[in-house]
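Listed below are the residues making up each chain.
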Amino acid sequence: MAALLQTTIAGSLPKPEWLSTPGVLWAPWLLEGEALAEGKRDAVRLALFDQEHAGIDIVTDGEQTRRHFVTTLIENLDGVDFEHRQTVRIRNRYDAAVPVVVGPVARRHPVFADDARFLRGETERKVKYTLPGPMTMVDTLYDAHYKSREKLAAVFAEILNQEALAIEAAGVDVIQFDEPAFNVYFDEVRDWGIGALERAAQGLKCKTAVHICYGYGIKANIEWKKTLGSEWRQYESTFPLLARSKIAQVSLECANSHVPLELIGLLTGKDVLVGAIDVATDRVETPEEVAATIRAAMKYVPAERVFPCTNCGMVPLGREVARAKLKALGAGAALVRRELA
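Residues numbered from 1 in each chain as written. Predicted model: local features only at pLDDT ≥ 70, side-chain atom pairs only at ≥ 80, totals over all residues. Heavy atoms only, no water.

Colleague: An account of the sheet that holds strand 8 (residues 249–253) is requested, with residue identities and associated values reported.
Modeller: The parallel open sheet is built from seven strands, whose spatial order is 1-4-6-7-8-9-10. Taken across any chain shown, the strands that pair with only one partner, and hence form the sheet edges, are strand 1 (58–59) and strand 10 (306–309). By the bridge criterion, five bridges tie strand 4 (residues 126–132) to strand 6 (residues 174–178) in an arrangement that is parallel. Along strand 6, the bridge assignment pairs Tyr129 with Ile175. (Pairing = 2+ DSSP bridges. Helix = DSSP H or I, 4+ residues; strand = E, 2+ residues; numbered from the N terminus.)

Below you can see the structure in the form of structure tokens.
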């Protein structure tokens, strides 16, 4: 039987400052050519070192090889113009200059398979690889071709499925699709979002996960969260749909998130990646605080289905803060594990 309360992270970790500018989303690379390729590999090794030494059981590459969790994949597709950007409102929260879909979107070649293979070869632990979800990809572009979010999502779902199957073949244990858009566009989630997500995961034999959240700890998100009131019940409409889906795991924030924890009880039959680390603050949790979040989640989800995790990606944080939070996560899970034993 697998150990209880296996820890993992939502996906990203801050990059070394010799690789890209710290604390900046979409930060350009500071190396090029073979030096960049080697620098990315070294950054992955460091991300693994930090996770393993913190006691993280299911590790990721920290998304060290990607400038951005969505657009790095899109950069490798036909039909998207990165030169002539348009400004769009992302997740109904903030404006960004984004690439434009100008023609049929197609995948020329595997994008992340080599990176996944490298990750698999560098650790003995279980590994998770993250991909953007189809709805979130649609929401990070200006579509001048399909002129339909649903049609474009269907195209992305096909492409993601090809990519996910190639990543699975590299030997990863979990493939996670990141869908922060799932707690913004509730009608679309119901009408076609879940269907597109399931299409992206079709045929995968490894564990499948979806990460939904209220976003990185960046200023635009923090300001938006202030408008949501003291209790965030948006997941009430999404969780029952996810519970009926074919996706095995759901990752979300439970630390300082204002999400009523009893809502995770709606995720019947799913593994729940319980966010016990707040990524919107530099304050480092104590192991006991992490343990308290895990214990609270276990009132609504069986212990064998609880996977202590971070609320969201940690790429905007400083590296020392991220390391300390990883250690707190590992130590907090160990506390509860000892209690259960």
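Colleague: Quick one: what's the story with the sheet that holds strand 5 (residues 142–143), residue by residue and with numbers?
Modeller: Overall, mixed pairing links the three strands, which are arranged 2-3-5 in an open sheet. Both outer strands of the open sheet, strand 2 (77–90) and strand 5, are each paired with one neighbouring strand and no more. As defined by bridge partners, strand 2 adjoins strand 3 (residues 94–107) across nine bridges and the pair is classed as antiparallel. Bridge pairing in strand 3 links Leu77 to Arg107. Seen against the sheet, helix 5 (residues 149–169) touches strand 2, strand 3 and strand 5 and runs at an angle of roughly 75° to strand 3. (Contact = heavy atoms within 4.5 Å. Axes fitted to C-alpha atoms, helices over the stretch in contact; angles between N-to-C directions.)

Colleague: Before we move on, could you go through the packing of aromatic side chains and cite the residues and values that matter?
Modeller: All told, the structure shown has two aromatic pairs when counted by the stated rule. With a centroid separation of 5.9 Å and 45° between ring planes, the pair formed by Phe112 and Tyr129 is classed as tilted. Here Phe112, found in the loop between strand 3 and helix 3 (113–121), pairs with Tyr129, found in strand 4; they are 17 residues apart in sequence, far enough to count as distant. On the basis of relative accessibility, which here comes to 2%, the residue Phe112 falls in the buried class. Here Tyr235 and Phe239 contribute two aromatic rings whose centre-to-centre distance is 4.8 Å and whose plane-to-plane angle is 15°, an arrangement assigned as stacked. You can see Tyr235 and its partner Phe239 sitting in helix 8 (residues 235–244), four residues apart, about one turn around the helix. (Phe/Tyr/Trp six-rings, centres within 6.5 Å; stacked < 30°, edge-to-face > 60°. Buried < 20%, exposed > 50% of the residue type's maximum accessible area, 1.4 Å probe, protein only.)

Colleague: Before we move on, could you go through the layout of surface pockets and cite the residues and values that matter?
Modeller: Estimated volume of the second largest pocket: approximately 190 Å³. For the second largest pocket, the lining is made up of 15 residues, of which Ala2, Ala3, Gln6, Lys126 and Phe307 are closest to its centre. Looking at the lining of the second largest pocket residue by residue, the classes come out as nine nonpolar, two polar and four charged. (1 Å grid on protein atoms, 1.4 Å probe; cavity = no way out; pocket = protein on both sides within 12 Å on 5 of 7 lines; lining within 4 Å. Points joined across faces, edges and corners; volume = space filled by probe spheres on them. Nonpolar A, V, L, I, M, F, W, Y, C, P; charged D, E, K, R; others polar.)

Colleague: Can you tell me about the side chain of Asp271, naming the residues and giving the values?
Modeller: In this structure, Asp271 sits in strand 9 (residues 271–275). Judged by relative accessible area, which is 4%, Asp271 ranks as buried. Side-chain polar atoms of Asp271 contact the side chain of Lys207, separated by 3.3 Å. One polar contact links Asp271 to Arg305, side chain to side chain, over a distance of 2.9 Å. Filtering out sequence-adjacent residues up to four positions away, Asp271 remains in contact with Lys207, Ala248, Gln249, Val250, Arg305 and Phe307. (Polar contact = N/O pair within 3.5 Å; in protein donor to acceptor, adjacent residues only side chain to side chain.)

Colleague: Tell me about the pattern of salt bridges, and please be specific about residues and values.
Modeller: This structure, assessed with the given rule, holds 25 salt bridges. Two residues, Arg323 and Asp50, come together in a salt bridge whose shortest N-O distance is 3.0 Å. Here Arg323 is found in helix 10 (residues 319–340), whereas its partner Asp50 is found in helix 1 (residues 33–53), with 273 residues between them in sequence. Using a relative accessible area of 16% as the deciding quantity, one classes Asp50 as buried. Within this structure, Asp42, Arg45 and Glu122 form a network of salt bridges that share partners. (Salt bridge = Lys/Arg side-chain N within 4 Å of Asp/Glu carboxyl O.)

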